[in-house]
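Residue-level structural notes
Below, each chain spelled out in residue letters.
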Amino acid sequence: MTNFEIKGRYKGGLIGKTWLPFSKVVDSQNEKNAKNMVYSLMGSQHGLKRDLIKIDEVKTVE
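Now for a look at the structure at hand. (Residues numbered from 1 in each chain as written. Predicted model: local features only at pLDDT ≥ 70, side-chain atom pairs only at ≥ 80, totals over all residues. Heavy atoms only, no water.)

Concerning the overall build of the protein
Basically, it comes down to this: The secondary structure listing takes helices from DSSP runs of H or I that are at least 4 residues long and strands from runs of E that are at least 2 residues long, numbered from the N terminus. With C-alpha atoms as the basis for the radius of gyration, the globule rule is written as 2.2 Å multiplied by the number of residues raised to the power 0.38. Classification of residues uses two cut-offs on accessible area relative to the type maximum, computed with a 1.4 Å probe and protein chains only: under 20% is buried, over 50% is exposed, and between them is partly exposed. Residues are treated as being in contact if the distance between any of their heavy atoms lies within 4.5 Å. Per-residue and other accessible areas were derived by the Shrake-Rupley procedure at a 1.4 Å probe size, with only the shown protein chains allowed to occlude residues. Asp and Glu are treated as the negative residues and Lys and Arg as the positive ones, with His and the ends of the chain left uncounted. By convention, the charge on Lys lies at NZ, on Arg at CZ, on Asp at CG and on Glu at CD.
Within the protein one finds one helix and three strands. Rg of the C-alpha trace for the protein: 12 Å, near the compact-globule value of 11 Å for 62 residues, within the 12% margin. Structurally, the protein occupies a C-alpha span of about 40 × 15 × 15 Å along its principal axes. When the 62 residues of the protein are sorted by exposure, 24% land in the buried category. Of the contacts made within the protein by residues no fewer than 6 positions apart, 50% connect residues no fewer than 24 positions apart. About 4400 Å² of surface is accessible on the protein, with carbon and sulfur atoms providing 48% of the total. The average position of the 11 basic charges and that of the 7 acidic charges among the side chains of the protein differ by 11 Å.

A word on the sheet that holds strand β1 (residues 2–12)
Where we set the bar: Here, strands pair whenever DSSP counts at least two bridges between them. Helix axes are fitted only over the stretch in contact, all axes being lines through C-alpha atoms; the angle between N-to-C directions runs from 0 to 180 degrees.
Sheet architecture is open: three strands sit in the order β2-β1-β3, paired in antiparallel fashion. Strands at the two margins of the open sheet, each flanked by one partner only, are β2 (18–28) and β3 (53–61). If you compare each strand with its neighbour and ignore which way they point, the axes differ by 20° on average. Both β1 and β3 contribute to a ladder of eight bridges, which runs antiparallel. The partner of N3 across the bridge, within β3, is V61. Against the sheet, helix α1 (residues 31–46) engages β1, β2 and β3, with an angle of about 125° to β2.

Side note on the side chain of K24
Formally: Definition of a polar contact: a pair of N or O atoms within 3.5 Å, with one able to donate and the other able to accept a hydrogen when the atoms are protein atoms, and with sequence-neighbouring residues admitted only if both atoms are side-chain atoms.
Examined against the element boundaries, K24 turns out to sit in strand β2. A polar contact of 3.0 Å, which involves the side chain of K24, links it to the side chain of Q45. Ignoring sequence-local partners within four residues, the contact set of K24 consists of F4, E5, I6, V38, M42 and Q45.

Digging into the pairing of β1
Direction of pairing for β1 relative to β2: antiparallel, over a ladder of 11 bridges. Considered in β2, the bridge of G8 is made with F22. Hairpin connection between β1 and β2: a loop of five residues separates the two successive antiparallel strands, and G13 in this loop has a positive phi of roughly 90°.

Given below as structure tokens:
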């Protein structure tokens, strides 16, 4: 397993019209699974659908 740091933006704020930054570190087998894990986490924590989450950067972390 490898740690991936994923940075991006999600649509939120008081009105839901601003893009707010986020950064998550997840443990996954590959980059694709790491992205899906972040979509799942952000969806369950903030009630967001995938089209309201933009992933800007994925990199491995030691």
